[in-house]
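Breakdown of the fold
Listed below, chain by chain, are the residues.
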Amino acid sequence: MEIGNMRVINIVEELVWECINEVIEHRPGKCRCDRCIADICALALNQMKPRYVASDRGKTISKAAFLEKDLKIALLVVVADAVERVNANPRHGVE
Ligand SMILES: [Zn+2]
């Protein structure tokens with residue numbers, strides 16, 4: 001969401017990519033097609049409460065937001081679970 005020169009973003013959404021990459025890196029053999037990644041992303045985000053921050057448009061988001069340890073840990077758990085669920089039941093045939 002953008003308001004004039006400001007924007008309001010969900011830092012959970014920003015962090016989820018980083019977490020998915022981390023989780024998948026440590027789990028070889030998991031499907032990484034766009035569909036599965038998108039499903040993992042949606043599943044994980046549905047489990048998490050959004051956390052919005054306001055920041056100047058054009059400015060990179062405060063690193064402090066990304067360093068919230070509890071948030072990152074909670075997200076990693078949720079993403080790991082989503083990876084397992086999507087891989088156990090992918091929405092495409094086995095390739
Ligand atoms: Zn897939």
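The structure reproduced in this document is the subject of the present report. (Residues numbered from 1 in each chain as written. Predicted model: local features only at pLDDT ≥ 70, side-chain atom pairs only at ≥ 80, totals over all residues.)

1. Concerning the overall build of the protein chain
Selection rule: By definition, any uninterrupted DSSP run of H or I lasting at least four residues is a helix, any uninterrupted run of E lasting at least two residues is a strand, and each is numbered from the N terminus. Once C-beta atoms are placed from the backbone, each residue is buried if 20 or more other C-beta atoms lie within 10 Å of its own, exposed if 12 or fewer, and partly exposed for counts between those two. For every residue pair, C-beta atoms are placed from the backbone, and the pair is scored as a contact if these atoms sit within 7 Å.
Regarding its fold elements, the protein chain presents 4 helices and 3 strands. Secondary structure of the protein chain in N-to-C order comes out as β-β-α-α-β-α-α. The buried share of the protein chain, reckoned over its 95 residues, is 19%. Within the protein chain, contacts between residues at least 6 apart in sequence are counted, and of these 86% link residues at least 24 apart.

2. Topic: the sheet that holds strand β2 (residues 6–10)
Quick reminder of the rule: Pairing between strands requires that DSSP locate at least two bridges from one strand to the other. To get an axis, a line is fitted to the C-alpha atoms, and for a helix only the part in contact is used. The angle between two axes follows their N-to-C directions and goes from 0 to 180 degrees.
Overall, antiparallel pairing links the 3 strands, which are arranged β1-β2-β3 in an open sheet. The outermost strands of the open sheet, each flanked by one partner alone, are β1 (2–3) and β3 (52–56). The pairing of β2 with β3 spans 5 bridges and is antiparallel. Across the sheet, Met6 pairs through a bridge with Asp56, a residue of β3. Running at roughly 55° to β2, helix α1 (residues 11–25) makes contact with β2 and β3 of the sheet.

3. A word on the nonpolar core
Cut-off, in case you're wondering: Each nonpolar core comprises buried Ala, Val, Leu, Ile, Met, Phe, Trp, Tyr and Cys residues, the members being joined through C-beta atoms within 7 Å.
In this structure, Val16, Ile40 and Val79 are the most contacted members of the largest nonpolar core, which totals 17 residues. The element contributing the most residues to this core is α1, with 8 residues.

4. What about the environment of Ala54?
Looking at where Ala54 falls in the secondary structure, it is placed in strand β3. Between the C-alpha atom of Ala54 and that of Val83, which follows or precedes it by 29 residues, the distance is 30 Å. Ala54 has contacts with Met6 and Val8, leaving out every residue within four places of it along the chain.

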